[in-house]
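# Residue-level structural notes
Chain by chain, the residues:
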Amino acid sequence: MNTSGKRKAGDKTGGGPPELMYGDLKDNIETIISEFGKSSDLIVNVDANERAATTFAVVFLAEMVDDQAVVSLSEELNRKKLAEPKLKPEQYFTFLQENISNVRRRYDSNKFSALFDEILDGNIAFLVDGVGGFFSIAASSREGRAVEHPTSQTIIKGPKDAFTEDINKNLFLIRKRIRNKALKVEDMTLGKVTHTKIKMLYISSIAKTDIVKDLRDRLAGIDYDGILDSGYIEQLLKTDKYSIFPTILNSEKPDAVAGALLEGRVAIIVDGTPYVLTAPAVFNDFIQASEDFYYTFLVATAMRITRYIALFLTLLVPGVFIALTTFHQEIIPTPLLVSIAAQREGVPFTAVMEVLIMEISFEIIREAGIRMPRAIGPAISIVGALVLGQAAVEAGLISALVVIVVAITAISSFAITNYGMSNSIRLLRFVFIVLAAVLGLYGVSMGLIILVLHLCKLKSANVPYLTPVAPRVKGMNKDTFIRMPLWMLKKRPVFSSADTSDRTSGPQQLSSEIKGKQEIQ
């Protein structure tokens, strides 16, 4: 950085601040204070050092920096004043850079835009009178939520740590699991107003270049004023904006994200949210759980089949019940038909109205349980459902069989591992209820055909959503509806991985340190 040469105050381009910093410290401070709108948390400490025959300033945001770092820096600067010689501005600038100890990160520039970014990141900036530039040291506060158990993706077996709202902690949790130099990290900033930090991760020797480039370009093309959560990115990256299905997977479990990276997928970490995105994501990914790989293949396969059964029960049970009781009574066995007729005797509503009343009531109770304080939320949900269902049956408003149907549907929806996919299936069941009420089983069949066609049309990062089933990828169905033993899962997914070699060999760019450890073992 060129620290020599002064410019006169007022050398501005356009209506905003100038591109390059002034050589005069007073002009630089006036520009900083003006751009921050005289914010009360902006601290500008000017120190006139007679021994060095120069003046320097320390600038930072009080609530963004670590208090202990500020105290330590102040004590160190006071000590150095007693020992530093008389230096010219450029020499004093270099002296400060080289003699401030315990620095996690140092950065320098001569642009106002870089200076503002450093201050907003919680770093401390140093400006010296007579030098048209600055340098900064990392001092951002490390306060925040500690690494805890996952809340929305609870498991029985496997790692118990979860991502936090700190982007650097989240990167550490992934780096701790993939200690390889092939893991690349690219930094971005999104949001015109929020300037949210984004990190894109991928393993260069495994991930497909075209997928990485596609996601990088689409992230760079996001034009939005504020990114407050990874959910914003998830919606803005969707190719089919009106589809109800999620096409980018989110997870709060570092082991799940590490596993996705090892398959050639790209991870996106957003500062301020504990959910990390991975893409491309196919339909089967939303039914799987990281826990599947911690059990034997027979147990894991049984759990996956159970989840698929739960998915179809959530989607179709109410609609099929309405179709059978309204249009196709001849399909129902006679004893069961007589029992249904006896239960419905005196009920003033049609079957479709019964189901809709109970389904909407359950959704209201479920939403109320989520929004209520954690201490009473579960109690409200359970008591509300039991009392409401029992009272409705005893009052003759709802038949007992409808309560059973709604209960099966509700319980099955909780077996779907991904919350976004669970929401999509729960909403779609209302569509099937309407189709069944109008056209019976024909409507249900038509709805299934349209649903499958829609799923075939969807893509995630240019990868078909139903891969490897449609289109069928030979040899890639060992980890879909069933999970074969790990020793048989030798090939990485071809739709996301450029390296389809034996997984037991690992990525080609294995670090020499890890190689040495393996040789010793």
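Figured I'd write up the structure that's included with this text. (Residues numbered from 1 in each chain as written. Predicted model: local features only at pLDDT ≥ 70, side-chain atom pairs only at ≥ 80, totals over all residues. Heavy atoms only, no water.)

### Notes on the packing of helix α9 (residues 297-326) against helix α11 (residues 351-371)
Taken N-terminus to C-terminus, the directions of α9 and α11 make an angle of 160°; their axes are 9 Å apart at the nearest point. When the interaxial angle is binned, α9 and α11 end up roughly antiparallel. Here α9 runs over α11; the crossing is right-handed. Contact with α9, carried on its side by P318, F321, I322, T325 and T326, involves A351, V352, V355 and E359 of α11 and no other residues of that element. (Axes fitted to C-alpha atoms, helices over the stretch in contact; angles between N-to-C directions. Helix = DSSP H or I, 4+ residues; strand = E, 2+ residues; numbered from the N terminus. Parallel < 35°, antiparallel > 145°, perpendicular 65-115°, else oblique. Left-handed = near helix turned anticlockwise from the far one by under 90°. Contact = heavy atoms within 4.5 Å.)

### Let's talk about the pattern of salt bridges
A pair can form between side chains of opposite charge whenever their charged atoms are brought close. Within the structure shown, the criterion is met by 21 salt bridges. Here K111 ties to E19 by a salt bridge, and the two come within 4.0 Å at their closest N and O atoms. Of the two residues, K111 is situated in the loop between β3 (106-109) and α4 (112-120) and E19 in the segment before α1 (25-35); the sequence distance between them amounts to 92 residues. Using a relative accessible area of 34% as the deciding quantity, one classes K111 as partly exposed. The partner of R265 in a salt bridge is E263, with the nearest N and O atoms 2.9 Å apart. Look at E263 and you get buried, because its relative accessible area is 13%. It is possible to trace a salt-bridge network through shared partners that takes in E359, E363, R366, E367, R426 and R429. (Salt bridge = Lys/Arg side-chain N within 4 Å of Asp/Glu carboxyl O. Buried < 20%, exposed > 50% of the residue type's maximum accessible area, 1.4 Å probe, protein only.)

### Some details on a nonpolar patch on the surface
Nonpolar side chains collect at one region of the surface, where I305, I309, L313, I404, I408, V469, F481 and I482 lie side by side and expose about 640 Å² of accessible area between them. When residues of the nonpolar patch are traced back to their parent elements, those giving at least two are α9 and α13 (400-413). A per-element tally of the nonpolar patch places α9 first, with three residues. Relative to the assigned elements, I404 resides in helix α13. Of the residues examined, I404 reaches a relative accessible area of 46% and is grouped as partly exposed. (Patch = residues over 30% accessible without salt bridge, like charges linked within 9 Å, V, L, I, M, F, W, Y side chains within 5 Å. Areas by Shrake-Rupley, 256 points an atom, 1.4 Å probe, with all protein chains shown as cover.)

### Details of the packing of aromatic side chains
As enumerated under the stated definition, the model contains 13 aromatic pairs in all. On the basis of an interplanar angle of 75° and a centroid distance of 6.0 Å, the ring pair of F283 and Y465 is categorised as edge-to-face. Here F283, found in the loop between β10 (276-279) and α9, pairs with Y465, found in the loop between β12 (463-464) and α16 (512-520); they are 182 residues apart in sequence, far enough to count as distant. (Phe/Tyr/Trp six-rings, centres within 6.5 Å; stacked < 30°, edge-to-face > 60°.)

### Description of the packing of α9 against α13
Axis angle and axis distance: for two packed helices, these are the angle between their axes and the distance between the axes, and together they describe the pair. Interaxial distance between α9 and α13 falls to 7 Å at its minimum, and their mutual angle equals 155°. In terms of orientation, α9 and α13 fall into the roughly antiparallel class. Pair α9 / α13 crosses with left-handed handedness. Here A310, L313, T314, V317, P318 and F321 of α9 come into contact with α13, specifically with L401, V402, V405, I408, T409, S412 and S413. Residue composition of the contact of α9 with α13, grouped by class: nine nonpolar, four polar and no charged. (Nonpolar A, V, L, I, M, F, W, Y, C, P; charged D, E, K, R; others polar.)

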